[in-house]
Amino acid sequence: WFRLSADQNWAGGQYYLALAYLGGEATQKDEALGLEMMRKAADQNHSDALCELASLYSRDMGEPRNEQDRPIHLLLRAASQDNADAYARLAFRYRHGLGIERDLIEASRWDCRAAFGEYSSSGRGDPLLVKSAGKSQPTDPFLAALSLYTEATRQNPQAMAKIGSFYLTGQNAPKSLTKAWLWFQLARERGGDTSQDVSQIEAQMNAEQLKDARLLLAPAQKELAQVGVEVRALSEVKE
């Protein structure tokens, strides 16, 4: 049945047929054919296939066919479909700099999404989130970044400004004037004393960078508000 559905170009059939070939389940193991089927399913944006293809490449099974076929881009495509597995894998990659520049703020962002997915499916709180909640200065760099991010979701301007300084200086995140401006502006709108910081950053930006930064503002505000509700629920749940 998987073969019949795959022959009709159904992504689900291609995905499950790929798993069968890769694992040698109910058929002779054939990694080359499994990879081919997984790529076909991923090319149709099957979210689980996107995650699995990223995993295959990470295990040196095949090579990305182009830039958009790299594991990080495959996972971002899966995440855009609310795939909880993709959230967790992105958090890990950003935390350790695997296939992308190390960015503990992005790692924290995806970790929060993954934690909420786990909470929604099982009712379990995320131990890292609980561990970082309420601690202003955790010693572990990732827990410190996670604490800052969760405080930012609570609309704390000091936390937002600190995140902005990460992107401005390249501390625990890649240097980015666009993201630095975004976070300082978010802090400013929440009553933080960052007007001078925003002005200084704008003086270093070209028109295109400033335009891009302003386009990110509304989506960032919406996401922080949404994640803030989830984070408050998660931080109150104990293991």
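The structure we're discussing is the one just above.
Conventions and cut-offs
Residues numbered from 1 in each chain as written. Predicted model: local features only at pLDDT ≥ 70, side-chain atom pairs only at ≥ 80, totals over all residues. Heavy atoms only, no water. Phe/Tyr/Trp six-rings, centres within 6.5 Å; stacked < 30°, edge-to-face > 60°. Helix = DSSP H or I, 4+ residues; strand = E, 2+ residues; numbered from the N terminus. Buried < 20%, exposed > 50% of the residue type's maximum accessible area, 1.4 Å probe, protein only. Lys NZ or Arg CZ within 6 Å of the ring centre and 35° of its normal. Expected span 1.5 Å × (residues − 1). Polar contact = N/O pair within 3.5 Å; in protein donor to acceptor, adjacent residues only side chain to side chain.

Caption draft 1: Focus on the packing of aromatic side chains. What the rule picks out here adds up to four aromatic pairs. Taken together, a centroid distance of 6.4 Å and an interplanar angle of 70° make the contact between Tyr-149 and Trp-183 edge-to-face. One end of the pair, Tyr-149, is in helix H9 (residues 141-153); the other, Trp-183, is in helix H11 (residues 177-189), with 34 residues separating them in the sequence. With respect to burial, Tyr-149 and Trp-183 carry one shared label: buried. Following the ring pairs from residue to residue traces out a cluster consisting of Phe-2, Tyr-15 and Tyr-16. Directly above the ring of Trp-110 sits Arg-109, whose terminal nitrogen or CZ lies 4.8 Å from the centroid.

Caption draft 2: Quick peek at helix H10 (residues 157-169). Taking 1.5 Å as the rise per residue, H10 with 13 residues should run 18 Å; its terminal C-alpha atoms sit 18 Å apart, in good agreement. Those residues of H10 that sit buried are Pro-157, Ala-159, Met-160, Ala-161, Ile-163, Gly-164, Ser-165, Phe-166 and Tyr-167. Where H10 starts, the residue carrying a side-chain oxygen 2.9 Å from the main-chain nitrogen of Gln-158 turns out to be Asn-156. Of the residues one or two after H10, Gly-170 is the one with positive phi, at around 85°.

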